[in-house]
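Structural description and commentary
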Amino acid sequence: MPAPVNQHLRIFTATRADEVPPGITRYIAVDGTVPGFALRYDHHVTGEAINLDALPPIVDGTGYDGLCTTQADADAMASMVAVLLGGKTRVPAPALAVLESASHWCDHLLPHAAHDADINRAGRGLLRAFQVALGDHRTPDTSAPMHAFCHDVAARILAGAALPSAPEDEQSLARARAVLSAGRVSMHGRVALVDLRGTERLSTEAIYRAHGGHVGVVYGDHEHGGLRYTVGINPFVDGAPRDVRPALHAIAAAEFRHGPPVRAPEAVPGNENWGGRAVVFGSPFNHGSRLTPLEVVALVLEALPELRGG
């Protein structure tokens, strides 16, 4: 079986410099900014719809020994596979289309509009296979399964073999509805405040389908204390806003007012602050937010007044 062009690259996930594996000295970051990167392709910074769109046609991995992201998801996985193969132009068009679809399902919870139903079914299957391989992100260290999955997909593409695919989790929506029905959702205008503290891990798509708000403010416990938030547009309701970045900027400024470890009020990599993109953003990776859930909701409603209606 032919070897991927950049087979030597070791894949890992990290949000701090001290999480970079020993021996890795020059690394490429995709779909997230890992501190100390030598090269970065991150659509959170450059604004593309999916991270594959932020990659150049050719990626020369010469002189690099690592390939990383801040959070193991299928959008990052697809970009990593393209990097392993030397760039998007080195990926056969049918396989690239499936990678694009998997990325779009991951980041937007919807099929890719540029691809047909067959490609989007394959992309959905690849997304599910990735989720199963990583145990729906329950694995304490996602680096090893991420490395194995990406290298396997790259090798399959080079060999012309079928890409991994897994069936839907048919019970995911029922589980989410059961958890959220137990008094864990409150509506504030068109914003759904969702409390996931102490619950089982649920599918992101199922959470959005279950809460029904135009925007969701979803929170749970951060492993280092405080709360971890995700704020996102609900793609399954009509009339949802297209861009929540005004709320991101307001919330990042509010977090900064609480002082260190946040370094600056801007929601950009390196500030240990909130970050994200037009459709979704979240609280800092490395520490819990000091903002209360109602404070976050209030800032969202202030920044996006169209959400105040019932």
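See above for the structure.
So, here is what we can say about the structure in this document.

Reading guide: rules and limits
Starting afresh in each chain, residues are numbered from 1 along the sequence in its written order. Whole-chain, interface and lining totals are the exception, using all residues; otherwise, since this is a predicted model, local features are given only for residues with pLDDT of at least 70 and side-chain atom pairs are given and counted only at 80 or more. The side-chain numbers reported here are obtained from all heavy atoms of the structure, hydrogens and water having been left aside. Two strands form a pair only when DSSP identifies at least two bridges running between them. Think of it this way: any DSSP run of H or I at least four residues long counts as a helix, any run of E at least two long counts as a strand, and we number them from the N terminus. What counts as an axis is a line fitted to C-alpha atoms, over the stretch in contact for a helix, and the angles between N-to-C directions run from 0 to 180 degrees. Put simply, two rings from Phe, Tyr or Trp (the six-membered ring, in Trp's case) pair if the centres are within 6.5 Å, and we call them stacked under 30 degrees between planes, edge-to-face over 60, tilted for the rest. Each ring is checked for a lysine NZ or an arginine CZ that lies within 6 Å of its centre and within 35 degrees of its normal; such an atom marks a charge sitting over the ring. Cavity means a closed set of points on a 1 Å grid over the protein atoms alone, one where a 1.4 Å probe fits but cannot get out, pocket means an open set with protein on both sides within 12 Å along at least 5 of 7 lines, and lining means a residue has an atom within 4 Å of a point. Grid points are joined across faces, edges and corners, and a volume is the space filled by probe spheres set on the points. Note that Gly is not counted as nonpolar here; it falls among the polar residues with everything else outside the nonpolar set of Ala, Val, Leu, Ile, Met, Phe, Trp, Tyr, Cys and Pro and the charged set of Asp, Glu, Lys and Arg. Each polar contact in these results corresponds to two N or O atoms within 3.5 Å; when the atoms are within protein, one needs to be able to donate a hydrogen and the other to accept it, and residues that are neighboring in sequence are counted only if both atoms are side-chain atoms. The contact criterion used throughout is that any non-hydrogen atoms of two residues lie within 4.5 Å. Between buried and exposed lies partly exposed: a residue is buried under 20% and exposed over 50% of the maximum accessible area for its type, with that area taken using a 1.4 Å probe on protein chains only. A helix is expected to span 1.5 Å for every residue after the first. Only buried residues count toward a nonpolar core, which is a set of Ala, Val, Leu, Ile, Met, Phe, Trp, Tyr and Cys residues joined through side-chain atoms within 4.5 Å.

Time to look at the sheet that holds strand E1 (residues 10-13). Within the open sheet, the 4 strands sit side by side as E1-E4-E2-E3. Their pairing is parallel. Only two strands of the sheet have a single neighbouring strand rather than two, namely E1 and strand E3 (39-41). Geometrically, the sheet is characterised by an average inter-axis angle of 20 degrees between neighbouring strands, direction not taken into account. Where strand E2 (residues 27-30) lies against strand E4 (residues 66-69), 3 bridges are found, and the strand directions are parallel. The residue bridging alanine 29 from the neighbouring strand is cysteine 68, located in E4.

The next point concerns the packing of aromatic side chains. Given two aromatic rings, one states the distance between the centres and the angle between the planes to describe the pair. Under the counting rule described, the total for this entry stands at 5 aromatic pairs. Between tyrosine 219 and tyrosine 229, the ring centres sit 5.8 Å apart and the planes meet at 40 degrees, which makes this aromatic pair tilted. With tyrosine 219 in strand E7 (residues 215-221) and tyrosine 229 in strand E8 (residues 227-233), this residue pair connects regions lying 10 residues apart in the sequence. Here the aromatic residues Tyr219, Tyr229, Trp274 and Phe281 are joined through ring pairs into a cluster of three or more. Sitting above the plane of the tryptophan 105 ring, arginine 124 keeps its charged end 4.6 Å from the centroid. Here the basic side chain of arginine 209 rests over the ring of phenylalanine 236, its NZ or CZ set 3.8 Å away from the ring centre.

This paragraph deals with the layout of surface pockets. Size it by volume and the second largest pocket reaches roughly 170 Å³. Forming the walls of the second largest pocket are 13 residues, and the residues nearest its centre are Ala95, Val98, Ala161, Ala162 and Leu163. Looking at the lining of the second largest pocket, the elements that each hand over two or more residues are helix H3 (93-108), helix H4 (117-133) and helix H5 (143-159). For the lining of the second largest pocket, the residue count by class is 10 nonpolar, 2 polar and 1 charged.

Next up on the list: the side chain of aspartate 195. In this structure, aspartate 195 sits in strand E6 (residues 191-195). A distance of 3.5 Å separates polar atoms of two side chains, one belonging to aspartate 195 and the other to tyrosine 219. For aspartate 195, the residues in contact, after removing those within four places along its chain, are Arg184 and Tyr219.

Turning to its location among the elements, asparagine 273 is positioned in the loop between helix H8 (245-256) and strand E9 (275-276). A relative accessible area of 8% places asparagine 273 in the buried class. Here the side chain of asparagine 273 touches alanine 252 through a polar contact of 3.0 Å, landing on its backbone oxygen. Leave out the neighbours within four places in its chain, and asparagine 273 touches Ala252, Glu255, Phe256, Val262, Ala264, Pro265, Glu266 and Pro284.

The subject of this paragraph is the environment of glutamate 255. Tracing the sequence through the fold places glutamate 255 in helix H8. On the basis of relative accessibility, which here comes to 0%, the residue glutamate 255 falls in the buried class. For the pair formed by glutamate 255 and alanine 95, sequence separation is 160 residues and the distance between their alpha carbons is 42 Å. Dropping the residues within four chain positions of it, glutamate 255 is found in contact with Val262, Asn273, Trp274, Ser289, Arg290 and Leu291. Separated by 2.8 Å, the side chains of glutamate 255 and tryptophan 274 make a polar contact.

Bringing H3 into the picture now. Spanning 16 residues, H3 covers 22 Å between terminal C-alpha atoms, matching the ideal 22 Å at 1.5 Å per step. Along H3, 14 of the 16 residues are buried, which leaves the element largely enclosed by surrounding structure. Taken from the residues just after H3, leucine 109 is the one with a positive phi, measuring 65 degrees.

Another point: the nonpolar core. Grouped together as the largest cluster of nonpolar side chains are 44 residues, with contacts concentrated most on Leu67, Met77, Val81 and Met146. Mapped onto this core, the elements with two or more residues apiece are E2, helix H2 (74-84), H3, H4 and H5. Ignoring any residue separated from it by four or fewer positions in sequence, one finds leucine 67 in contact with Leu9, Arg10, Ile11, Phe12, Tyr27, Ile28, Val30, Met80, Val83 and Leu84. In terms of nonpolar packing, the next biggest core, distinct from the first, is built from 26 residues, Val244, Val296, Leu301 and Leu307 among them.

Purely geometric stuff here, so don't read any function into it on its own.
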